[in-house]
Amino acid sequence: MWKPDRLSAQPLYQQIANDLERRISYGEFPPGAMLPSERKLAEQLGVNRSTVILAYAELRSLGIIESRSGSGTRVSKYKWGATPKHTPNWHRYVEGGSFLPNLPFLRRIREALQQNPELIDFASGELASDLAPAEEINALMKVNQYTEYLGYNHPQGYAPLRKSLVQYLHQHRDIQTTDSSILITSGSQQSLYLITQCLLAPGDAVAIEDPSYCYSLPMFQSAGLRLFRLPVDHRGVRPEGIRSLYKKHRIKMVFVNPNFQNPTGTLLDEERRNELLRVTSELGLPIVEDDPFSLTAYDGASRPPLKSIDAMGSVIYIGSFSKIAASGLRVGWMVAPNSVVERLADARQQMDFGLSIVPQKVAEQFLNSDYFQPHLERLRMRLLYKRDLLIEALRKELPGLVSFMVPQGGLHLWCKIIPEVNDHRLLEEAIRRGIVFVPGSVYGSDSGYVRFTYGRSKADEIEPGISKFAEALRSVLS
Ligand SMILES: Cc1ncc(COP(=O)(O)O)c(C=O)c1O
């Protein structure tokens, strides 16, 4: 006999209600049939009677069963009988489908930010309003009228933006490409989605960095991929594990974020870049190079991406406007061999017929405007200022309790909490005191880390935010 699964995340009563609903719909209990008493069913399933009471209440609320005092519980004649009125069981739909929900920690952070917009936000991986080029974009939008016909667009994206990106990639990333090798996406996230859904199949194995932004994306598990780890240290990802992962698990792709990696902030050193390309090209493995942060390098020196030294054409390069201009524009791009771009552009048509022309046009004008270069310079300076405020506050408030590497670009600082600490309690205590951060376990196997995003908070919030964090940590440790 079926028994509820006590290890499942789904409550016992919900599992029992779902099982009964299934049995009723298969005709095991026809309309009007008597269901076991609450006590008897509880005995059969080895649960408390109160759990069965809850399950019956759930089915009653959906109109599937009805109870009358003294005459027990029956399958409703109306729901399953002649009348066509059926309430859909939304629980079943909501839990079905192939998409996994976001991670509980990330849902908790989002909920906390929605409930209290005053929270000091060290969690959201985006630019604060004082770092975004809002005035410049407004000025461009005032001058440039949108008189064009707004019809469905080219499957690879707005042609003038792709042409401008060819220039941009050449000038800023040393990548030689053509507009036919570029696909405009709704941020890097959509590039990752298209790659995982269209170039890979359920059961495929891929290698990702550990820790990595990718671990925070149930997108990889929803696509049925098996994830294998490549550890990251102060020199970036270690490529030496690739060969054995290939032998053991036949990995099909390698995902990396070489510049100011999210969450560790590390920069992959030159030797490892070459080694990564050498190993993957020997094995014929594609690399996905996710590169949203490179233009934030505080010294202004741009590190050549893997794509620029990719003689074998093994790299799919992903870029975005999110971390250098505005995450809400949702403009990202992918550079890949033509056959890949065409395949993904075709799949993308099935999804949404392409990104709206309006943000693409804004992005194109901003890239080509005199505002772009000064904006980048200001952005780097301000990020560096915020990074230093954060470091100063951590050293002052938490001497001996934390250690970290100083990031040279990007928006994040990866901080080790030296004493052992419970992630969950620390986050709850921090939220109670008015700040949010992302617990490190969201990004992979390392526990005892915190990701502080200094790009999102205002400069004058950083010191008080870290002081609240220190209070939260001390209260958890005591
Ligand atoms: C490494 C990395 N890749 C991709 C993304 C997705 O960014 P977007 O879709 O806004 O371009 C993020 C966002 O935080 C990120 O950190």
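Structural data are supplied above this passage.
The model shown is predicted, which means the values in this text are computed figures rather than measured ones.

(A) Broad picture of helix α1 (residues 12–25). If you check α1, its first and last C-alpha atoms are 20 Å apart, about what 14 residues at 1.5 Å a residue would give, namely 20 Å. Here α1 lies mainly inside the structure; 10 of its 14 residues are buried. Among the residues of α1, Gln 14, Gln 15, Ile 16, Ala 17, Asn 18, Asp 19, Leu 20, Glu 21, Arg 23 and Ile 24 are the ones counted as buried. Looking one or two residues beyond α1, the residue adopting positive phi is Gly 27, at roughly 90 degrees.

(B) Layout of the pattern of salt bridges. Across all of its chains, the model carries 31 salt bridges by this definition. Here Glu 429 ties to Arg 433 by a salt bridge, and the two come within 2.5 Å at their closest N and O atoms. Of this pair, Glu 429 and Arg 433 both sit in helix α16 (residues 423–433), separated by 4 residues, roughly a single helical turn. Taking relative accessible area as the criterion, Arg 433 reaches 21% and is therefore assigned partly exposed. Residue Lys 458 is joined to Glu 461 by a salt bridge in which the shortest nitrogen-to-oxygen separation is 3.9 Å. Judged by relative accessible area, Glu 461 falls into the buried class, the value being 18%.

(C) Geometry of the pairing of strand β1 (residues 65–68). Bridge count for β1 against strand β2 (residues 72–75) is 4 bridges, and the pairing is antiparallel. Its bridge partner being in β2, Ile 65 is matched across the sheet by Val 75. Turn length for the β1-β2 hairpin, with the two strands adjacent in sequence and antiparallel, is 3 residues, and the turn residue Gly 70 shows positive phi of about 90 degrees.

(D) Geometry of the sheet that holds strand β13 (residues 412–417). A sheet is described by the order of its strands in space; here 4 strands give the open sequence β12-β13-β16-β15, paired in antiparallel fashion. Strand pairing shows two members of the sheet lacking a second neighbour, β12 (402–404) and β15 (438–439), which therefore form its edges. Where β13 lies against strand β16 (residues 449–453), 5 bridges are found, and the strand directions are antiparallel. Residue pairing for β16: His 412 is matched across the bridge by Thr 453.

Reading the values: rules and limits
- Residues numbered from 1 in each chain as written.
- Predicted model: local features only at pLDDT ≥ 70, side-chain atom pairs only at ≥ 80, totals over all residues.
- Heavy atoms only, no water.
- Helix = DSSP H or I, 4+ residues; strand = E, 2+ residues; numbered from the N terminus.
- Expected span 1.5 Å × (residues − 1).
- Buried < 20%, exposed > 50% of the residue type's maximum accessible area, 1.4 Å probe, protein only.
- Salt bridge = Lys/Arg side-chain N within 4 Å of Asp/Glu carboxyl O.
- Pairing = 2+ DSSP bridges.

It is worth stressing that arrangement in space is one thing and function is another; only the former is reported here.
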